[in-house]
Amino acid sequence: MIKAFVVGHPIAHSRSPMIHGHWLATLGLDGSYERIDVAPEDFGTFLRGLKADGFAGGNVTLPHKEAAFTGADVLTDAARRIGAVNTLSFDGQGRLVGDNTDAVGFTAHLDETLGPDWLSVDAGDVVILGAGGAARAVVAGLLDRPATRILVANRTRSRSEAIAGLDPTRVEAVDWDGLDDALRGARLLVNTTSLGMTGKPQLDIALENLPADCAVADIVYSPLETPLLAAAAARGHRVIDGLGMLLHQAVPGFERWFGTRPVVTRELRALIVADL
Ligand code: ATR
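Here's a quick rundown of the structure. Note that the structure is a prediction, hence the values are computed from the model and not measured.

Further remarks concern the side chain of Ser 32. Position of Ser 32 relative to the elements: it lies in strand β2 (residues 31–37). A relative accessible area of 16% means that Ser 32 is categorised as buried. Ser 32 has contacts with Met 1, Ile 2, Lys 3, Ala 4, Leu 24 and Phe 258, leaving out every residue within four places of it along the chain.

Here you go:
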């Protein structure tokens with residue numbers, strides 16, 4: 001039996017076991033996916049014991065994503081760009097490979113929702129709100145796409161400038177106060193801040209500045225329809241919810257550990273939505 005895990009602290013809230021468990025069951029594979037709670041001080045020991053414990057790999061969540069980045073033997077380009085690891089596996093030489101699948105999770109969901117040509121060159125800018133770990137993952141994914149300009153607006157400007165450093169020829173930090181101008185040229189607006197999440201304040205931006213053909217994405221998925229997405233949909237914009245990124249980021253890990261590429265189906269989505 002092939003074994004995989006999700007490790008975090010705490011870990012009870014993770015939806016990964018439901019996603020991978022659904023795929024294991026529907027594909028009829030002989031595998032297991034377990035949640036493991038490891039305190040930060042024990043994470044190094046946990047990583048070193050993975051192979052002896054018979055794991056093919058697993059997912060890493062808070063607060064261990066940076067420690068997994070430091071502890072992996074090999075890093076993928078995506079992990080390097082993001083500076084954090086959410087997926088671990090072993091390569092043919094038995095080395096622990098650290099990847100970050102959030103970037104490809106975002107772009108896969110974008111393609112599925114809007115089609116692969118939405119961000120063709122000259123279509124307009126991508127405007128990102130926020131500059132934390134999630135913003136870094138979204139920008140890392142978009143940098144693999146056509147040469148659209150990426151504008152990052154964040155309350156704390158030093159963080160958006162750090163993200164612009166990923167590729168200064170394509171990514172620019174813009175002032176949160178100058179957002180209206182950025183919105184006027186947008187093809188895609190992405191909220192990566194926690195604003196709009198259940199229990200948090202709403203995001204307050206002037207959607208009337210967006211061109212009619214601009215799509216609006218939110219990485220918040222609780223609630224599934226955030227106030228931002230509801231307002232954008234009411235104005236006729238195409239909208240992309242945050243759940244798709246969560247589901248699609250799970251695909252590469254599952255394929256690597258269990259050898260079969262799983263599909264993000266409506267059935268899986270409905271299963272997670274019922275649990276939100
Ligand atoms: P994550 O790793 O999930 O992206 P994070 O690193 O805590 O989480 O980043 C949260 C983002 O939401 C940041 O861009 C943060 O802005 P700052 O860098 O200025 O802190 C943004 N954010 C959170 N609360 C906000 C608020 N009330 N107004 C504007 N931005 C906010």
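There is more to say after this.
So, on to the sheet that holds strand β9 (residues 171–175). An order of β9-β8-β7-β10-β11-β12 is seen for the six strands of this open sheet, with the pairing classed as parallel. Two strands close off the open sheet at either side, each with one partner strand: β9 and β12 (239–240). Looking at chain direction, strand β10 (residues 186–191) and strand β11 (residues 215–218) are connected through four bridges and run parallel. The partner of Val 190 across the bridge, within β11, is Ala 217. In this fold helix α6 (residues 133–142) packs onto β7 (125–129), β8 (150–154), β9 and β10, with an angle of close to 165° to the strand it touches most, β7. Contacting β10, β11 and β12, helix α9 (residues 227–234) crosses the sheet at an angle of about 165° to β11.

Before going further, it helps to examine the site of the ligand. Looking at the ligand, the residues that line it are Gly 130, Ala 131, Gly 132, Gly 133, Ala 134, Asn 154, Arg 155, Thr 156, Arg 159, Thr 193, Ser 194 and Leu 195. Contact between the ligand and Asn 154: an oxygen atom at 2.6 Å from a side-chain N or O atom of the residue. Measuring from an oxygen atom of the ligand, one finds a side-chain N or O atom of Arg 159 at 2.8 Å. About the coverage of the ligand: the protein hides 66% of its 650 Å² of free accessible area. The residue inventory of the shell around the ligand, partitioned by class, reads three nonpolar, seven polar and two charged.

Bringing the packing of aromatic side chains into the picture now. Tallied over the entire structure, the rule returns seven aromatic pairs. Here Trp 23 and Phe 254 contribute two aromatic rings whose centre-to-centre distance is 5.4 Å and whose plane-to-plane angle is 70°, an arrangement assigned as edge-to-face. Highlighted residues: Trp 23 in helix α1 (residues 16–27) and Phe 254 in helix α11 (residues 251–258), separated in sequence by 231 residues. Summarising the burial analysis for this pair, Trp 23 and Phe 254 share the class buried.

Here we take up unusual backbone geometry. Glycine aside, negative phi is the norm for most residues, and most peptide bonds take the trans geometry. Following His 9, the chain continues to Pro 10 via a peptide bond in cis, the omega torsion being 0°. Within the secondary structure, Pro 10 is located in the loop between β1 (2–8) and α1. The amide bond that connects Ser 222 to the next residue, Pro 223, takes the cis arrangement and shows omega of 10°. Inspection of the secondary structure puts Pro 223 in the loop between β11 and α9.

What follows deals with the nonpolar core. Phe 106, Ile 128, Leu 142, Ile 150, Leu 188 and Val 190 are the most contacted members of the largest nonpolar core, which has 25 residues in total. Of all the secondary structure elements, the ones that give two or more residues to this core are α5 (102–114), β7, α6, β8, α7 (157–164), β10 and β11. Beyond its immediate chain neighbours, meaning those up to four positions away, Val 190 contacts Phe 106, Val 126, Val 127, Ile 128, Leu 129, Val 138, Ala 217 and Ile 219. Formed by 19 residues, the second largest nonpolar core is a distinct cluster that contains Val 127, Leu 183, Ala 186 and Cys 214.

All right, on to the sheet that holds strand β3 (residues 55–60) then. Spatially, six strands are ordered β2-β1-β3-β5-β6-β4 in an open sheet, and the strand pairing comes out mixed. Only two strands of the sheet have a single partner each, and these edge strands are β2 and β4 (74–75). Note: β1 against β3, five bridges, orientation parallel. Each bridged residue has a counterpart across the sheet, and for Ala 4 the counterpart in β3 is Gly 57. The strands touched by α1 within the sheet are β1, β2 and β3, with β2 carrying the most contacts at an inclination of about 170°.

Moving on, we come to the pairing of β1. The buried fraction of β1 amounts to five of the seven residues, a majority that puts the element mostly inside the structure. Running through α1, the crossover from β1 to the neighbouring parallel element β2 is right-handed.

Analysis parameters
- Residues numbered from 1 in each chain as written.
- Predicted model: local features only at pLDDT ≥ 70, side-chain atom pairs only at ≥ 80, totals over all residues.
- Heavy atoms only, no water.
- Helix = DSSP H or I, 4+ residues; strand = E, 2+ residues; numbered from the N terminus.
- Buried < 20%, exposed > 50% of the residue type's maximum accessible area, 1.4 Å probe, protein only.
- Contact = heavy atoms within 4.5 Å.
- Pairing = 2+ DSSP bridges.
- Axes fitted to C-alpha atoms, helices over the stretch in contact; angles between N-to-C directions.
- Near = heavy atom within 4 Å.
- Polar contact = N/O pair within 3.5 Å; in protein donor to acceptor, adjacent residues only side chain to side chain.
- Areas by Shrake-Rupley, 256 points an atom, 1.4 Å probe, with all protein chains shown as cover.
- Nonpolar A, V, L, I, M, F, W, Y, C, P; charged D, E, K, R; others polar.
- Phe/Tyr/Trp six-rings, centres within 6.5 Å; stacked < 30°, edge-to-face > 60°.
- Core = buried A, V, L, I, M, F, W, Y, C linked by side-chain atoms within 4.5 Å.
- Right-handed = clockwise from strand over helix to strand, strands pointing away.

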